[in-house]
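Spelled out, the chains give:
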Protein chains: 4
Amino acid sequence: MALPTPLHGVIPPVCTPLDPRGQVDTVSLAHLVDHLIDGGVHGLFALGSTSEVAYLTDAQRATALEAVLKAADGRVPVLAGAIDTTTPRVLDHARTAAGLGADALVATAPFYTRTHPREIAAHFRHLRTAVDLPLLAYDIPTAVHSKLAPALVRELAEDGTLAGLKDSSGDEGSLRRLIVALGGRTGRRTGPAPGFAILTGSELTADAALLAGADGIVPGLGNVDPAGYVRLYDAARSGDWERAAAEQERLAALFSMVDTGPESEMGRSSSALGAFKAALHLLGVIKRGTTAFPQLPLSGESVREVGRLLTEAGLTPPQGDHRSG
Amino acid sequence: MALPTPLHGVIPPVCTPLDPRGQVDTVSLAHLVDHLIDGGVHGLFALGSTSEVAYLTDAQRATALEAVLKAADGRVPVLAGAIDTTTPRVLDHARTAAGLGADALVATAPFYTRTHPREIAAHFRHLRTAVDLPLLAYDIPTAVHSKLAPALVRELAEDGTLAGLKDSSGDEGSLRRLIVALGGRTGRRTGPAPGFAILTGSELTADAALLAGADGIVPGLGNVDPAGYVRLYDAARSGDWERAAAEQERLAALFSMVDTGPESEMGRSSSALGAFKAALHLLGVIKRGTTAFPQLPLSGESVREVGRLLTEAGLTPPQGDHRSG
Amino acid sequence: MALPTPLHGVIPPVCTPLDPRGQVDTVSLAHLVDHLIDGGVHGLFALGSTSEVAYLTDAQRATALEAVLKAADGRVPVLAGAIDTTTPRVLDHARTAAGLGADALVATAPFYTRTHPREIAAHFRHLRTAVDLPLLAYDIPTAVHSKLAPALVRELAEDGTLAGLKDSSGDEGSLRRLIVALGGRTGRRTGPAPGFAILTGSELTADAALLAGADGIVPGLGNVDPAGYVRLYDAARSGDWERAAAEQERLAALFSMVDTGPESEMGRSSSALGAFKAALHLLGVIKRGTTAFPQLPLSGESVREVGRLLTEAGLTPPQGDHRSG
Amino acid sequence: MALPTPLHGVIPPVCTPLDPRGQVDTVSLAHLVDHLIDGGVHGLFALGSTSEVAYLTDAQRATALEAVLKAADGRVPVLAGAIDTTTPRVLDHARTAAGLGADALVATAPFYTRTHPREIAAHFRHLRTAVDLPLLAYDIPTAVHSKLAPALVRELAEDGTLAGLKDSSGDEGSLRRLIVALGGRTGRRTGPAPGFAILTGSELTADAALLAGADGIVPGLGNVDPAGYVRLYDAARSGDWERAAAEQERLAALFSMVDTGPESEMGRSSSALGAFKAALHLLGVIKRGTTAFPQLPLSGESVREVGRLLTEAGLTPPQGDHRSG
């Protein structure tokens, strides 16, 4: 399906439920997609960092993307991450995703290597040329250890290489400068890159990003509470910033689930993804909270703390849920 | 004078004008203080990073602080940075500032050394005990290369060590989490640290920080356009977030003056502080744009670009100004 | 073939020559393998960082490894890099390499993700269990952005998970501490991990690493001058440290070829790998100096500078070489 | 006194013993100087990082430097650190040190600020011009968060700005390249900067640095075992590299005292400096192991572990020592 222009709204990076052997649990994944679409989201982002894309084999990536596409069934657009070290490897993923029917691609700058901004620009341009799908740049310095400069993104926006930016840099000042460069809150639609979508991946400052002029949100926590992020988005769109901020604050309290796994004992990927999946399991959306190897599992105590935070945020598991199914 | 509880509003870090020999130009500094207070600011922060505190000798620091205090003359509270590597050295600065009549102290975590969070906590506690002035923590990882964890700030807020936080980390998500932990936008005044002030040093996301629940702004760019930041603050306080965001956007465009000095040719301190001072000179507030050694000066072309940005932002130099004085 | 115990000597990471379309030039790769073995090297490391592994598709990786194995033809052991983000993906590469007949595997810690040392340990243990080949840890913080702690490597050496370490961290102090912990220069063979091989990937301090007690060298520059590194190694083994240092110094001068591509214009991967390949082309070993996309090519001027450095180091292209073949 | 040309040998950074109130214990400091000179060292470096310079007030710095100069009494040259954020502040320290009679100055690049290499060059040039003492650059990225590029050091060596480099970067490859650029192991004395001294601050690779062509060593651990480092140096000078490496290995085992304070409980400064001082106290050289605030003290258990390592390294406290004095 064609992307809306610009792409906007709440577009969660979809968690990838796993079975006990570490394989993709496509039944749970279909439940999760329904949970998200029922929550009112405007799109889905498969094979992102929150999807544990870095832990999935090529076969598992294809399985997961196929399951998301099938479950979404055209109800909302599906973006697919094509995440790998450099252009030739990213291209392989991009072609697979295009073949499976993804509606757009999301790619980072090269990583593992030491790459110049001119090379990063060439990377995105080549991807755009080689695969006929809208391309979003994924700015995630905690993973790839370089930051996409606003000037570079602007150049690739203006020449049509990029259809949008998924900004997980946490650098809201930099995002502000990009928005201003592209015409600002009110002028961006008629500016130098009129259809360019700016999406924030920051769960805790979605209200701020929307106030600054972003088009949408890609919140990992949106797996757990899609309706909450949709309420936040709707409040912002209607100009009710106090309500957007109040909703953001509730979600920020809920987000502290990512700290229930102690930093001294497990990686930050494990604690965050483990918490999201534990919450989805507690809410009856997926069959188990298993994360991919070599991530360590949350302790029982941590899972109980996740449950407590769900309750505090007003999210309660259904009676007679299908978790034990 | 006693600080308001909590400290709030626009509190610019005051630039330190220099004469051709690199000494503090106290006449220009007094003009600058008037310019800021005339602009409506609620307080002044002397001897901060934007004040080039790291470039000022002890004697120059005293001269600058004295000049700011004298020019402010009790009209607004004056915070003084006590910036040095570790507690014993910071204490020397803190005692000098207290002796000169500063209303509050601002200190960073230790730098140059490799210091544990427990040691950082001891650092702030000792400073608070040894000098009888309200103490604000200054979180500025680009300078000190460590980040104050929200949990640590919270602990020091709740036990009364800190009267506030000046957050220049650029990590708005972390700031959000701190605000939530202290009771949130509406509950913070009755929360575990009711008088604790949260101030953002981020020039580009002041609207967002206020929306999230911050009490005030410490913008370096506020030297150049104090009235603009006061308008932004007032709009936010009155709940007119659209107007706050529009003002923020205008200021974000103006802020791009910090890039007129090319990154390939000068340090980021030089280009930012050089631009602020060039603008103040063009606006007739200070006598010259000189920055401290070894910072390289902006080129004539860069200064002209600063002038162009001032005009675009609606700031024009007075006719017959005193610059040539 | 079985690895020597411990693995030792000069084991260059083999460059991957490319044709104009970016595909593996297996004829040139076979020439290169002959060049290396003729130079006296003790082993080959295929699919390492210098092999541009991060730029090769899975198909290209298999082609390159197969070509190296075929050309080596059992004359020296062939180590294969299994480089990917996390355990499940690394396993896919490891199984392919084992199937093609590699003699050992080389794997990094997970990257892109944020992984705890306990998870890194589990990663290596699982790889070792799942594939029946000796496993070397590849410590390369510039690529994976974490450092393997000596204590962790020691633990994995002592329990038999690791057959060796390829240390490209540049942290010679840390390497020293590991060697000491494992019994030291003289006691390491009878220490807690008697067959454990310590290899340095640092081209510029190979003499120092051997003096400290390392077993071997994995120098990218060894592609260009394998015989030089073998002379260095032999001098060290015979206790002639002055000769080893003199050879190292000549090689250090040659190494400056990695700076002929200016840092302002291309990534550090491009300039280093481009220089090695340009040198191999000038020496008549491979058909062209092409590097993988999106790396930018060296300029003609840079290539001439590489040639000048070759001459200065006493390396001259053969008359009537096969380059134009 | 005039410095030897080039400065060479073992030049420990002298610890600063403190009394219970945190003031400089000049009696212990004099004992320590005797201990070092008795151990055969070739010079002393006062007010370096290991001297806790970042924790000493200006008054304490002067006291410590004066005590070292008085105790040394011209027997060996005394270098003085002039450590502060930027040129104007460093100058104040440099002038004090010159006035007290220091034989040379040691300064880092600016820190806290964001400074361009051209500005760093201007910094060193201005220091050299303003104070008539030989100037050494102190390359310590863990403290100042920038690395002095070999090309920059070379430029400042060749134009006579710098008399030497104290390299605490841990980047031995970079050091090698600098040595090669200056003429190499044998040609450096007649090269472009003939009297330029290259000193390594790396305790664990002193043998390697000397093999590469360094002139001397500035080892923090040299406070504890000066004679050991002198033996290492003498062995290297006589070309007995096996003996140098064996001595280095013994010292590397002793160095593990810096890990007796657990990383989870105290800063790396505290554990390293605490261990050196605990060892000096156990050896009867200084009256107590106190470190400066806010560094946390080593536990009794950690101190006992330091004692065990001393014994293992063949260092035993004298009977009837003056520690209880």
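Residues numbered from 1 in each chain as written. Chains lettered and ligands numbered in written order. Predicted model: local features only at pLDDT ≥ 70, side-chain atom pairs only at ≥ 80, totals over all residues. Heavy atoms only, no water.

### As for the overall build of chain A
Item 1. Secondary structure summary: chain A contains 13 helices and eight strands in total.
Item 2. Compactness check: chain A gives a C-alpha radius of gyration of 19 Å against a globular reference of 20 Å for 325 residues, within 12% of the reference.
Item 3. In terms of its C-alpha atoms, chain A occupies a principal-axis envelope of roughly 55 × 45 × 40 Å.
Item 4. Put simply, chain A has 325 residues, and 64% of those count as buried.
Item 5. A separation threshold of at least 6 residues defines the contact pool for chain A, and within that pool the share at least 24 residues apart is 72%.
Item 6. Accessible area of chain A: about 10500 Å², with a carbon and sulfur share of 53%. (Helix = DSSP H or I, 4+ residues; strand = E, 2+ residues; numbered from the N terminus. Rg over C-alpha atoms; globule rule 2.2 N^0.38 Å. Buried < 20%, exposed > 50% of the residue type's maximum accessible area, 1.4 Å probe, protein only. Contact = heavy atoms within 4.5 Å. Areas by Shrake-Rupley, 256 points an atom, 1.4 Å probe, with all protein chains shown as cover.)

### Observations regarding the relation of the copies chain C and chain A
Item 1. Superposing chain C onto chain A takes a rotation of 180° combined with a translation of 0.0 Å along the rotation axis, leaving an RMSD of 0.0 Å. What the rotation and shift describe, once combined, is the action of a two-fold rotation axis. (Least-squares fit on C-alpha atoms with pLDDT ≥ 70 in both.)

### Notes on the relation of the copies chain D and chain C
Item 1. When chain D is fitted onto chain C, the two copies agree to an RMSD of 0.0 Å after a turn of 180° and an axial shift of 0.0 Å.
Item 2. In this assembly the copies share their binding face: 100% of the residues contributing to the interface of chain D also contribute to that of chain C.

### A short note on the interface of chain D and chain C
Item 1. Counting residues at the interface gives 28 residues for chain D and 28 residues for chain C.
Item 2. Each partner contributes to the roughly 2300 Å² buried at the junction of chain D and chain C, and carbon and sulfur atoms together form 56% of this total.
Item 3. Looking at the side of chain D facing chain C, the largest losses of area belong to Arg 176, Arg 177 and Glu 249 of chain D, adding up to 29% of the total buried there.
Item 4. For the pair chain D and chain C, the interface holds six salt bridges.
Item 5. Where Arg 176 of chain C meets Asp 207 of chain D, a salt bridge forms, and the shortest distance between an N and an O atom there is 2.4 Å.
Item 6. There are 12 residue pairs in polar contact (both at pLDDT 80 or more) connecting chain D and chain C.
Item 7. Looking at the side of chain D that touches chain C, the elements that each hand over two or more residues are α7 (172-181), α8 (184-187), α9 (206-212) and α11 (241-255) of chain D.
Item 8. Element by element, the count of residues in the side of chain D that touches chain C is highest for α11 of chain D, at nine residues.
Item 9. Counted by class, the side of chain D that touches chain C contains 13 nonpolar, seven polar and eight charged residues. (Buried area = accessible area lost by both parts, 1.4 Å probe. Salt bridge = Lys/Arg side-chain N within 4 Å of Asp/Glu carboxyl O. Polar contact = N/O pair within 3.5 Å; in protein donor to acceptor, adjacent residues only side chain to side chain. Nonpolar A, V, L, I, M, F, W, Y, C, P; charged D, E, K, R; others polar.)

### Some words on the nonpolar core
Item 1. Ranked by size, the top nonpolar core spans 486 residues in total, and within it Met 257 of chain A, Met 257 of chain B, Met 257 of chain C together with Met 257 of chain D carry the most contacts.
Item 2. Setting aside residues no more than four positions away along its own chain, Met 257 of chain B makes contact with Leu 221, Val 224, Ser 271, Ala 275, Phe 276, Ala 279, Val 306, Leu 309 and Leu 310 of chain B. (Core = buried A, V, L, I, M, F, W, Y, C linked by side-chain atoms within 4.5 Å.)

### Details of the interface of chain C and chain A
Item 1. Facing the 48 residues of chain C at the interface are 48 residues of chain A.
Item 2. Our enumeration of links across chain C and chain A arrives at four salt bridges.
Item 3. Put simply, chain C and chain A have 24 residue pairs in polar contact (both at pLDDT 80 or more) between them.
Item 4. Counting residues per element, the ones that place at least two in the side of chain C that touches chain A are α2 (58-72), α3 (87-100), α4 (117-130), α5 (141-144) and α12 (268-282) of chain C.
Item 5. Looking at the side of chain C that touches chain A residue by residue, the classes come out as 18 nonpolar, 19 polar and 11 charged.

### Quick notes on the arrangement of the chains
Item 1. Contact between chain B and chain C is absent, and the least distance between their C-alpha atoms amounts to 9 Å.
Item 2. When C-alpha atoms are compared, chain A and chain D, though not in contact, are closest at a spacing of 9 Å.

### Structural notes on the packing of helix α4 (residues 117-130) of chain B against helix α6 (residues 150-158) of chain B
Residue and element names in this part refer to chain B.
Item 1. The contact between α4 and α6 brings their axes to 11 Å, and the two run at 30°. When the axis of α4 is compared with that of α6, the two are roughly parallel. For the pair α4 and α6, the sense of crossing is right-handed. When α4 is examined against α6, the residues Pro 117, Arg 118, Ile 120, Ala 121, Phe 124 and Arg 125 are found in contact with a partner set consisting of Leu 152, Glu 155 and Leu 156.
Item 2. Class assignment of the residues belonging to the contact of α4 with α6 gives a composition of six nonpolar, no polar and three charged. (Axes fitted to C-alpha atoms, helices over the stretch in contact; angles between N-to-C directions. Parallel < 35°, antiparallel > 145°, perpendicular 65-115°, else oblique. Left-handed = near helix turned anticlockwise from the far one by under 90°.)

### Overview of the packing of aromatic side chains
Item 1. Under the definition given, this model contains 10 aromatic pairs over all chains.
Item 2. Aromatic side chains Phe 45 of chain B and Tyr 138 of chain B sit 5.7 Å apart centroid to centroid with 75° between the ring planes, which places their arrangement in the edge-to-face category. On the criterion of sequence distance, the pair formed by Phe 45 of chain B in strand β2 (residues 44-46) and Tyr 138 of chain B in strand β5 (residues 135-139) is long-range, its members being 93 residues apart. For the pair Phe 45 of chain B and Tyr 138 of chain B, a shared accessibility class is recorded, and that class is buried.
Item 3. Relative to Phe 111 of chain D, the ring of Phe 111 of chain B has its centre 6.2 Å away and its plane inclined at 65°; by these criteria the two rings are edge-to-face. Residue Phe 111 of chain B is located in the loop between β4 (104-108) and α4, and its partner Phe 111 of chain D is located in the loop between β4 (104-108) and α4 (117-130); the two belong to separate chains.
Item 4. Using a relative accessible area of 2% as the deciding quantity, one classes Phe 111 of chain B as buried.
Item 5. Members of the aromatic cluster, connected to one another through ring pairs, are Phe 111 and Tyr 112 of chain A together with Phe 111 and Tyr 112 of chain C. (Phe/Tyr/Trp six-rings, centres within 6.5 Å; stacked < 30°, edge-to-face > 60°.)

### Focus: the packing of helix α1 (residues 26-38) of chain C against α2 of chain C
Residues and elements named next belong to chain C.
Item 1. Running from N to C, α1 and α2 point in directions that differ by 45°, and their axes come no closer than 9 Å. Relative to α2, the element α1 is oriented oblique. By crossing handedness, the relation of α1 to α2 is classed as right-handed. Counted together, Thr 26, Leu 29, Ala 30, Val 33, Asp 34 and Ile 37 of α1 and Thr 63, Ala 64, Ala 67, Val 68, Ala 71 and Ala 72 of α2 form the full contact between these two elements.
Item 2. Of the residues assigned to the contact of α1 with α2, the class counts are nine nonpolar, two polar and one charged.

### Regarding α7 of chain D
Residues and elements named next belong to chain D.
Item 1. Among the 10 residues that make up α7, seven are buried, leaving the element largely enclosed by the rest of the structure.
Item 2. Along α7, the positions that sit buried rather than exposed are Glu 172, Gly 173, Ser 174, Leu 175, Arg 176, Leu 178 and Ile 179.
Item 3. Once α7 finishes, Gly 183 follows within two positions and takes phi at roughly 120°, a positive value.

### Digging into the sheet that holds β2 of chain B
Residues and elements named next belong to chain B.
Item 1. Within the open sheet, the eight strands sit side by side as β1-β8-β7-β6-β5-β4-β3-β2. Their pairing is parallel. One side of each edge strand has no neighbouring strand; the edge strands of this open sheet are β1 (9-10) and β2.
Item 2. As judged from the two bridges shared by β1 and strand β8 (residues 216-217), these two strands associate in the parallel manner. Its bridge partner lying in β8, Val 10 is registered against Ile 217. (Pairing = 2+ DSSP bridges.)

### A word on the pattern of salt bridges
Item 1. For the structure shown, the criterion picks out 92 salt bridges over all chains.
Item 2. With a shortest N-O distance of 3.3 Å, Arg 89 of chain A and Asp 84 of chain C are connected by a salt bridge. Note that Arg 89 of chain A is positioned in helix α3 (residues 87-100) and Asp 84 of chain C in the loop between β3 (78-81) and α3, a pairing that runs across two chains. Taken individually, Arg 89 of chain A and Asp 84 of chain C each receive the classification buried, so the pair is uniform in this respect.
Item 3. Taken together, the shared-partner salt bridges connect Asp 58, Asp 84 and Arg 89 of chain A together with Asp 58, Asp 84 and Arg 89 of chain C into one network.

### Overview of the side chain of Ser 271 of chain A
Residue and element names in this part refer to chain A.
Item 1. Mapped onto the elements of the fold, Ser 271 is located in helix α12 (residues 268-282).
Item 2. Of the polar contacts made by the side chain of Ser 271, one reaches the backbone oxygen of Val 258; its length is 3.2 Å.
Item 3. At a separation of 3.3 Å, a polar atom in the side chain of Ser 271 contacts the main-chain carbonyl oxygen of Arg 268.
Item 4. Excluding residues that lie within four positions of it along the chain, Ser 271 makes contacts with Met 257, Val 258, Gly 261, Met 266 and Leu 298.

### Re the pairing of strand β4 (residues 104-108) of chain C
Residue and element names in this part refer to chain C.
Item 1. Counting buried residues in β4 gives five out of five residues, a clear majority hidden from the surface.
Item 2. Both faces of β4 are covered, namely the face carrying Ala 104, Val 106 and Thr 108 and the face carrying Leu 105 and Ala 107.
Item 3. Where β3 lies against β4, three bridges are found, and the strand directions are parallel. From the neighbouring strand, Ala 80 faces β4, where its bridge partner is Leu 105.
Item 4. For the crossover from β3 across α3 to β4, the handedness is right-handed.
Item 5. As defined by bridge partners, β4 adjoins strand β5 (residues 135-139) across four bridges and the pair is classed as parallel. By the bridge assignment, Leu 105 is partnered in β5 with Leu 135. (Right-handed = clockwise from strand over helix to strand, strands pointing away.)

### Some thoughts on the side chain of Arg 188 of chain D
Residues and elements named next belong to chain D.
Item 1. One can find Arg 188 in the loop between α8 and β7 (197-200).
Item 2. Of note is the side chain of Arg 188, whose polar atom sits 2.4 Å from the backbone oxygen of Gly 213.
Item 3. Apart from residues lying up to four places away in sequence, Arg 188 is in contact with Ile 179, Leu 182, Gly 183, Ala 193, Pro 194, Phe 196, Ile 198, Gly 213, Ala 214 and Asp 215.

### Structural notes on the confidence of the model for chain A
Do not read the predicted coordinates in detail wherever pLDDT is low.
All names here are of chain A.
Item 1. The predicted model of chain A has a mean per-residue pLDDT of 96, with 98% of residues at 70 or higher.
Item 2. Below a pLDDT of 50 lies the segment residues 320-325, which in the model reaches 10 contacts outside its immediate sequence neighbourhood of four places, other chains included.
Item 3. In the predicted complex, the global pTM is 0.97; the interface-specific ipTM is 0.96. (pLDDT = per-residue confidence, 0-100.)

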